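Spelled out, the chains give:
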Amino acid sequence: MCTKAHILIVVLLCCLSAQGRDSHLKRTTKLFGGLGAGLYAPATKHASGFKSRGAFTAGFMQEFRVGRGYQSYFSFGVQYAAQLLTYQSYYFAPGTLQLYDRRMAYDYEVLLNELQLPLQYKILLKREDNHLFSPYCAAGYFLRLFLPAHVWVNKEGVTVREDSPTPTFNSPLGLKTMNAAASVAIGLQQNKGKKSGAFYTELQYKTGFSAFSFEADYAASSVFLRDAQMLLVVGLRF
């Protein structure tokens, strides 16, 4: 009788421990930041020499386990993204004609800012519950909302114009400043188990669905860009 009671107690303790562990691994908060470079496919005759000067992202996501296999996860969140690019184009001073004479002698420096709402599905190649590290693959979809950009127009190193226009998409989703993009990624995560936190790192490729541009009376009106970014992201999981 005593032996049966001990066995029952052990079984109950094991079940409670498993439930506690399962609950701990079911939801995770992720804080992250990343650096990289932009890739551009311009569709214009009025600009040239597009170069990336860097890309940045930071944000947080809530991640939920899908099923009981400790290998499939869905996450969503909010992030800020920025990218800096340069190119050569025309500049029209106030009161002058817009003459496209193929002499694109002005250097444009554009800092793009946007708010993104990412959704991501992740598959671990090793289970989270019984490995210290797990490599993974992920795919995502996210909405993009442009914030005011910052534009510098330079001539021979001297700034002749500084402005803060808001870019718009050629194929917007409701708002002119809203569209979407997709991402694929490979990464490696430390599995936290019952610890308070663990790290992860991810190589991510993101590409936008629509070209975009900004309008200003001093700039050529048909500088359309389709963009992508390659980012190295590092973060913490709690």
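Residues numbered from 1 in each chain as written. Predicted model: local features only at pLDDT ≥ 70, side-chain atom pairs only at ≥ 80, totals over all residues. Heavy atoms only, no water.

### Thoughts on the overall build of the protein
Part 1 of the argument: When you go through the protein residue by residue, the secondary structure sums to one helix and eleven strands.
Part 2 of the argument: Going residue by residue from the N terminus, the α and β elements of the protein occur as α-β-β-β-β-β-β-β-β-β-β-β.
Part 3 of the argument: The buried share among the 238 residues of the protein stands at 39%.
Part 4 of the argument: For the protein, contacts bridging at least 24 residues in sequence account for 70% of all contacts bridging at least 6.
Part 5 of the argument: For the protein, the exposed area adds up to about 12,800 Å²; of that, 65% sits on carbon and sulfur atoms. (Helix = DSSP H or I, 4+ residues; strand = E, 2+ residues; numbered from the N terminus. Buried < 20%, exposed > 50% of the residue type's maximum accessible area, 1.4 Å probe, protein only. Contact = heavy atoms within 4.5 Å. Areas by Shrake-Rupley, 256 points an atom, 1.4 Å probe, with all protein chains shown as cover.)

### Regarding the pairing of strand E5 (residues 133-155)
Looking along a regular strand, one sees the side chains alternate between the two faces of the sheet.
Part 1 of the argument: Relative to E5, strand E4 (residues 106-124) runs antiparallel, the two being bridged by 17 bridges. Within E5, the residue paired with asparagine 113 across the bridge is leucine 147.
Part 2 of the argument: As paired elements, E5 and strand E6 (residues 158-163) share five bridges and run antiparallel to each other. The residue of E6 that forms the bridge with asparagine 154 is threonine 159.
Part 3 of the argument: Here E5 folds back onto E6 in antiparallel fashion, the turn holding two residues, of which glutamate 156 has a positive phi close to 55 degrees. (Pairing = 2+ DSSP bridges.)

### A look at the confidence of the model for the protein
Part 1 of the argument: When the pLDDT values of the protein are averaged, the result is 90; 88% of them are 70 or greater.
Part 2 of the argument: Confidence over residues 4-24 falls short of pLDDT 50; this stretch has ten contacts with residues more than four positions distant or in other chains. (pLDDT = per-residue confidence, 0-100.)

### Overview of unusual backbone geometry
Part 1 of the argument: Of note, tyrosine 70 is a non-glycine position whose phi angle comes to about 55 degrees, a positive value.
Part 2 of the argument: For tyrosine 70, the position within the fold is in the loop between strand E2 (47-65) and strand E3 (72-89).
Part 3 of the argument: Look at tyrosine 70 and you get buried, because its relative accessible area is 10%.
Part 4 of the argument: The backbone of glutamate 156 shows a phi angle near 55 degrees, a positive value even though the residue is not glycine.
Part 5 of the argument: For glutamate 156, a relative accessible area of 72% translates into the label exposed.

### A few points about the nonpolar core
Part 1 of the argument: By size, the foremost hydrophobic cluster in this structure holds 24 residues, and its most contacted members are Leu85, Tyr87, Tyr108, Phe214 and Tyr218.
Part 2 of the argument: In contact with leucine 85, other than residues within four places in its own chain, are Tyr40, Phe50, Lys51, Arg53, Tyr108, Glu109, Val110, Leu112 and Leu225. (Core = buried A, V, L, I, M, F, W, Y, C linked by side-chain atoms within 4.5 Å.)

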